[in-house]
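Chain and residue survey
Chain by chain, the residues:
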Amino acid sequence: MARLGMLRLSHEKQDTLLKLLILSMAAVLSFSTRLFSVLRFESVIHEFDPYFNYRTTRFLTEEGFYKFHNWFDDRAWYPLGRIIGGTIYPGLMVTSALFYHILHFLHVTIEIRNVCVFLAPLFSSFTTILTYHLTKELKDAGAGLVAAVMVAIVPGYISRSVAGSYDNEGIAIFCMLLTYYTWIQAVRTGSLYWSAFCSLAYFYMVSSWGGYVFLINLIPLHVLALMATGRFSHRVYVAYSTLYCLGTVLSMQVAFVGFQPVQSSEHMAALGVFALCQAFAAYSWLRSSLTPALAELLLRSFMWLLLIAGSIAVAILALSGKISPWTGRFYSLLDPSYAKNNIPIIASVSEHQPTTWSSYYFDLQFLVFMFPVGLHYCFSNLSDSRIFIILYGVTSMYFSAVMVRLMLVLAPVMCVLSGVGVSHVLTSYMSNLELGRALSRTRSRRHPDHSYPGKQEVSSAVVLFLSFFLMTYTFHSTWVTSEAYSSPSIVLSARSPDGSRIIFDDFREAYYWLRHNTPQDAKVMSWWDYGYQITAMANRTILVDNNTWNNTHISRVGQAMSSPEEKAYEIMRELDVGYVLVIFGGLTGYSSDDINKFLWMVRIGGSTETGSHIHENDYYTPTGEFRVDRDGSPTLLNCLMYKMCYYRFGQVYTEAKRPPGYDRVRNAEIGNKDFELDVLDEAYTTEHWLVRIYKVWRCKMMPIMYTLGCGDYVIDLMVV
Amino acid sequence: MPLWKLSFAFVAFVCYLAASCEAQKTKDMLLSEKVQQLVDWTSRRSVIRLNGDKFRRYIKSPPRNYSVVVMFTALEPQRQCVVCRHASEEMQILANSWRYSGSFSSRLFFAMVDFDEGPDVFQQLNMNSAPTFMHFPPKGKPRRADTFDLQRNGIMAEQLAKWITDRTEVVLRVFRPPNYSGAVALMLLMTLVGGLLFLRRNNLDFLYNKTGWGIALLCIVFAMTSGQMWNHIRGPPYAHKNPQTGQVAYIHGSSQAQFVAETHIVILLNAAITLGMILLHDAASGMGDASKRKIEVRLTLHDKVQ
């Protein structure tokens, strides 16, 4: 029956059905391939920043938009607090809140956490569909389908959009492609409808990611390129003028962006091109009603005027100090290595590293070879939209080479152009195959096609080869997604010797302990990495978090961690700390724990005035090594961080044939074993000792103070 | 008899006095001469080159009222010490900033000993690595902190200056001669391009040559995907030669790093595969005669297999 139904369809209908089928399968695939972590662990938010986004989203759904907008957060950066409404891009939170309310309106009572977890996969499905439409504009529906399937599983994009990775980038890529698609449509049609739609898409992009600056420079660049190639027309004029005016006004509605679109230098290119557009249009209008000689004169005098006015303006601005050419900032624009070599904060972040060829191959696989083929196709058949995609491809290629995290921006255009390239090669050979079969069926075998010998065989070989490449791409992408990009890092897993999986859920265990066993207003001190997670999961006040805006405050925490107990106690009392939380991997072999990060605490702690008693050299052995065993420096062996991590650790056997207190990360027997804590109490240690929580005594243990206004301590003692 | 004895003793005493006076005087002379000599040398060359003898006379032997910062190094090309050259450049910058600063005095001198000119010095100081920076204080022997810790502080002139200020209380401000080479190169390029455009101002059609632009952009793409930007920023070696076995490795073992040779191989492979794909298409869409197309197809397939 089904076959009959298929046969009855006309060719167009079959075509549409196939397209729909492939596209919807691609969309489903792009959703499901991102679910590895949900299947392996559970529906859980990943890493650090997503926890902040999750917390703000929860606030937004519970309290409403106006409270969210005016939100002053007193749970973070105690005692300073943080203004949240004005310092974030709210697009992500608003989107999830919208989904949440719509679903609840339909009586689908989904939890807000699940909305957050599945938002990024959902938006990558949308991206898949959008990529199809974008590529269709460049070549044809076939190329669109190939590109859509490719973007569904491209690892460079998956790395930021697996389920649970609830971050701005997850929806920003969709917004970016939506803006590009509507821009291409606006340029093609020159209609106000598409231009206004484009401005709205741009507004969505601005509200969701700081990377919108790339867009607002790329689109003017496209307009400029169209002018240079003599393709500037009324359509482009309408599209760009509308986009610039509407888009700028709209983008200024986002509190975090504010007046930047008319003040900062990153947005000035867009303004300049806007002015140029007006001048260009005015000149072409004037020229139509003037004699050629007069028009020439007008152009020349106008050029000179512009040149003189421009240089005077630059001179005035430079003299008054509004702009300063020849500074570091200027050089960093010209030469990407400048920032890396001269600004240590940029140099220290691993996401800001340049990209090796192997990470290109890891994240894009054979798209690396097919991208230039698509580029070549676009060049041999230029059009307005193809010029745009060429510009997008080459600029994002450059940026991704400078900074590895911008691979994310490159990945979609890689898929678009590779899709064009693959379908370009495939169509020419596929048609040969079809032709061959049709011929052999209708005509006799005595008259084969003589355009070249073995046409049929060669064509099938090429098609087979390309299919082989596509298949390896699929396997590679799935493998990368499963192995590299699907670990939530809040729940850890390891293989036991017999091959079964062990789950370490210590982080959540500790955070929930804090939530249920400490007073509501307790202040928790930890290193800044865990700040977002503690506020989101334990709902307690913290001193520093991942939004590292106040260096002196972080430094103060670093000082407390790296000082001896006496000194640390003073600092902790000054900051009103109730609990201290440390991450310790010595028992399980978890290497990114606080002891391995400790040197950063020392450095940051010693970098401000109040930390003058902390010298990095004191924490090394005389030979300049960082050791925790008996040869380690006494300063290290007696500082607060060491004592908190290794308290009672000296009694634990960790490995066979090793003495007790053997640290499995540093591979050393610890040097300071039997000590007691003077100002702290061990409050809680998780199952695998990954997180240890200590309570700070309200009063130091000094006999005199028992009776001097330390009420709660006295009671504690009585109870004991 | 006693008188004779007494007079002899007196004469002897006078003689001794005179002699010691003379000695003091020669010592003073020696010191001022030494300082004069060092100032002379410094005015000729801000980092004084010393051999074994000079090192012992001016730096080891006692009458001194000046600090000397000595760099022990091995600059001869056959020693293949790249770090030494960097260190020497930094030292030069530092010494120049001291010599031409307003507060220049004979309290502090910069000197260097090359291993090939004074190996005995290295032996004497029991030193077996270069470069090493040591400070010789005006009085007494150098202590542990008088050796600059290269591992920890690096070889930047600023760090050296901080250490010297620590040891000698002489405040040094490092003045780096600004690097104009980048600006000059940019200017040259601009003039070249501008000049070319000016010369061909009557015929600017070549600017609209699609193929030229296409090839240029493809080159950029290949350069970026093969990690040339990484090379530019990090400056890795071309290849690594194992000093023990003499084997040359062209491919880095880690995926976080790469050698220049490796990127060149990758750029060739990428370009070959892309070219193969493009030719593959052109061959099918009917250009050139049949046999040529066949060869092209075979070639490109071959490319891809590799």
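Definitions and cut-offs
Here, residues in each chain are numbered from 1, in the same order as that chain's written sequence. Chain labels run from A onward and ligand labels from 1 onward, assigned in the order the entries are written. Reporting of local features is limited, given that this is a predicted model, to residues whose pLDDT is at least 70; pairs of side-chain atoms are given and counted only at 80 or more, and all residues count toward the totals for whole chains, interfaces and linings. Excluded from the side-chain calculation are hydrogens and water; included are all heavy atoms of the structure. Going along the chain from the N terminus, every DSSP run of H or I of four or more residues is numbered as a helix, and every run of E of two or more is numbered as a strand. Per-residue accessibility, obtained with a 1.4 Å probe over protein chains only, is compared with the maximum for each type, and a residue is labelled buried under 20%, exposed over 50%, and partly exposed between these values. Every residue pair with non-hydrogen atoms within 4.5 Å of one another is taken to be in contact. UniProt positions are given in the numbering used here, feature names are shortened, and annotations may be inferred rather than shown by experiment. Buried area counts how much accessible surface, traced with a 1.4 Å probe, disappears from two parts once they are put together, with both parts' losses summed. Salt bridges are identified by distance alone: a Lys or Arg side-chain nitrogen within 4 Å of an Asp or Glu carboxyl oxygen. Contacts described as polar in this section are N or O atom pairs within 3.5 Å, which, within protein, must combine one atom able to donate a hydrogen with one able to accept it, while residues neighboring in sequence count only if both atoms come from side chains. Residue polarity is assigned by list, with Asp, Glu, Lys and Arg as charged and Ala, Val, Leu, Ile, Met, Phe, Trp, Tyr, Cys and Pro as nonpolar; anything else, Gly included, falls into the polar class. The pLDDT value tells you how sure the predictor is about a given residue, anywhere from 0 up to 100. Two rings from Phe, Tyr or Trp (for Trp, the six-membered ring) form a pair when their centres sit within 6.5 Å of each other. Planes less than 30 degrees apart are called stacked, planes more than 60 degrees apart edge-to-face, and all others tilted. Every helix has an expected span of 1.5 Å times one less than the residues it contains. Of the two site types, the cavity is a set of points on a 1 Å grid over the protein atoms alone where a 1.4 Å probe fits but cannot get out, and the pocket is an open set with protein on both sides within 12 Å along at least five of seven lines, each lined by residues with an atom within 4 Å of a point. Grid points are joined across faces, edges and corners, and a volume is the space filled by probe spheres set on the points. As a rule, the C-alpha atoms of each element are fitted with a line to give its axis, helices using only the stretch in contact, and angles between N-to-C directions run from 0 to 180 degrees. An angle below 35 degrees is treated as roughly parallel, one above 145 as roughly antiparallel, one from 65 to 115 as roughly perpendicular, and anything else as oblique. The hand of a helix crossing depends on one turn: near helix anticlockwise from the far one by less than a right angle means left-handed, and clockwise means right-handed. Here, any two strands with at least 2 DSSP bridges between them count as paired. To define a nonpolar core, start from buried Ala, Val, Leu, Ile, Met, Phe, Trp, Tyr and Cys residues and group those joined through side-chain atoms within 4.5 Å.

On to the overall build of chain A, then. Helix and strand content of chain A: 32 helices and 11 strands. Buried residues in chain A amount to 51% of all 720 residues. Taking contacts inside chain A between residues at least 6 apart in sequence as the whole, the part at least 24 apart equals 69%.

This paragraph deals with the UniProt feature "transmembrane region" (unreviewed entry) in chain B. Residue and element names in this part refer to chain B. Here the UniProt-annotated "transmembrane region" (unreviewed entry) positions come out as residues 180-199, 211-230 and 265-284. Along residues 211-230, the helical share is 90% and the strand share 0%, with 28 Å between the first and last C-alpha atoms. The distance from the first to the last C-alpha atom of residues 265-284 is 29 Å, and the span holds 100% helix and 0% strand.

A few words on the interface of chain B and chain A. Each partner contributes to the interface: chain B provides 43 residues, whereas chain A provides 49 residues. With both chains or domains summed, chain B and chain A bury close to 4,000 Å², and 74% of this area falls on carbon and sulfur atoms. In this structure, the connection of chain B to chain A is made through zero salt bridges. The tally of links from chain B across to chain A stands at six residue pairs in polar contact (both at pLDDT 80 or more). Contributing elements (two or more residues each) for the side of chain B that touches chain A: α8 (210-225), α9 (228-234), α10 (260-284) and α11 (290-305) of chain B. Looking at which element gives the most residues to the side of chain B that touches chain A, the answer is α10 of chain B, with 12 residues. In terms of residue class, the side of chain B that touches chain A is built from 24 nonpolar, 12 polar and seven charged.

Turning to the confidence of the model for chain B, a few remarks are in order. All names here are of chain B. Confidence along chain B averages 77 in pLDDT terms, with 79% of residues attaining 70 or more. A low-confidence stretch, residues 287-292 stays under pLDDT 50, and its non-local contacts, those more than four residues away or across chains, total five contacts. Contacts from residues 301-306, a stretch scored under 50 in pLDDT, to residues over four places away or in other chains number 10 contacts. The complex model carries a pTM of 0.78, and its ipTM stands at 0.80.

It is worth spelling out the pattern of salt bridges at this point. Pairing between side chains of opposite charge can happen when the charged atoms of each approach one another. All names here are of chain A. Following the criterion strictly, the structure yields 34 salt bridges over all chains and no others. For R627, the salt bridge goes to E625, with nearest N and O atoms at 3.6 Å. Judged by relative accessible area, which is 26%, R627 ranks as partly exposed. Put simply, E625, R627, D629 and D631 are held in one network by salt bridges that share partners.

All names here are of chain A. All chains considered together, the criterion is met by 49 aromatic pairs over all chains. Taking the centre distance of 5.9 Å and the plane angle of 90 degrees together, the rings of F214 and F399 count as edge-to-face. Of the two residues, F214 is situated in helix α12 (residues 212-228) and F399 in helix α22 (residues 384-402); the sequence distance between them amounts to 185 residues. Given a relative accessible area of 17%, F214 falls into the buried group. Taken together through their ring pairs, the aromatic side chains of Y180, F214, F388, Y392, Y398 and F399 make up a single cluster.

As a further point, take helix α15 (residues 268-288) of chain A. Taking 1.5 Å of rise per residue, 21 residues should cover 30 Å, and α15 of chain A covers 31 Å from first to last C-alpha, within 8% of that figure. Taken together, the buried positions of α15 of chain A are occupied by A270, V273, F274, C277 and Y283 of chain A.

Turning next to the side chain of K523 of chain A. Mapped onto the elements, K523 of chain A comes out in strand β5 (residues 523-525). Other than its neighbours up to four places away in sequence, K523 of chain A contacts Y78, T541, D576, V577, G578 and Y579 of chain A.

With that settled, consider the confidence of the model for chain A. All names here are of chain A. Mean pLDDT for chain A: 84, with 89% of residues reaching 70 or above. Per-element confidence in chain A ranges from a low mean pLDDT of 42 for helix α32 (residues 711-719) to a high of 95 for helix α11 (residues 192-208). This model gives residues 326-330 a pLDDT under 50, and the stretch forms four contacts once residues within four places in sequence are excluded. The low-confidence segment residues 440-448, where pLDDT is below 50, has zero contacts with residues more than four positions distant or belonging to other chains.

Another point: empty space enclosed by the protein. In total, this model carries two cavities of 30 Å³ or more according to the counting rule given. Size it by volume and the largest cavity reaches roughly 50 Å³. The wall of the largest cavity is formed by Y202, I216, Y244, T248, S251, P261, H267 and A270 of chain A. Top element by residues in the lining of the largest cavity is helix α13 (residues 234-251) of chain A. It accounts for three residues. Residues of the lining of the largest cavity, tallied by class, amount to five nonpolar, three polar and no charged. In this structure, the second largest cavity spans a volume of roughly 30 Å³. Forming the walls of the second largest cavity are V373, H376, H424 and V425 of chain A together with M277, I278, H281 and D282 of chain B. Looking at the lining of the second largest cavity, the elements that each hand over two or more residues are α21 (367-380) and α23 (407-442) of chain A together with α10 of chain B. Per-element accounting of the lining of the second largest cavity gives the leading share, four residues, to α10 of chain B. Residue classes in the lining of the second largest cavity are distributed as four nonpolar, three polar and one charged.

All right, on to the packing of helix α4 (residues 49-63) of chain A against helix α6 (residues 91-105) of chain A then. Residue and element names in this part refer to chain A. Viewed as axis vectors pointing N to C, α4 and α6 meet at an angle of 50 degrees, and their least axial separation amounts to 9 Å. With respect to α6, the element α4 is oriented oblique. Once α4 is placed against α6, the crossing between them reads as right-handed. Residues N53, T56, T57, L60 and T61 of α4 pack against L92, M93, V94, S96, A97, Y100 and H101 of α6. Residues belonging to the contact of α4 with α6 are distributed by class as follows: six nonpolar, six polar and no charged.

Hydrogen bonds between backbone groups are what pair the strands of a sheet, and the pairing can be parallel or antiparallel. Residues and elements named next belong to chain A. The mixed open sheet is built from five strands, whose spatial order is β6-β5-β7-β11-β10. Strand pairing shows two members of the sheet lacking a second neighbour, β6 (541-542) and β10 (680-685), which therefore form its edges. Taken together, the five bridges between strand β7 (residues 579-583) and strand β11 (residues 691-696) define a ladder with antiparallel strand orientation. Looking at β11, one finds that V582 is bridged to R692. Relative to the sheet, helix α25 (residues 506-517) contacts β5, β7, β10 and β11, its axis offset from that of β11 by approximately 25 degrees.

This paragraph deals with α4 of chain A. Residue and element names in this part refer to chain A. Here α4 contains 15 residues, and its C-alpha end-to-end distance of 21 Å stays within 8% of the 21 Å for a straight helix at 1.5 Å per residue. The buried count for α4 comes to 12 of 15 residues, which makes it a mostly enclosed element. In the stretch just after α4, G64 is the one whose phi turns positive, near 90 degrees.

We now examine the nonpolar core. In this structure, W183, Y240, L364, Y392, M572, Y646 and L680 of chain A are the most contacted members of the largest nonpolar core, which totals 209 residues. Membership of the second largest hydrophobic core comes to 23 residues, among which are V69, M71, A161 and V170 of chain B.

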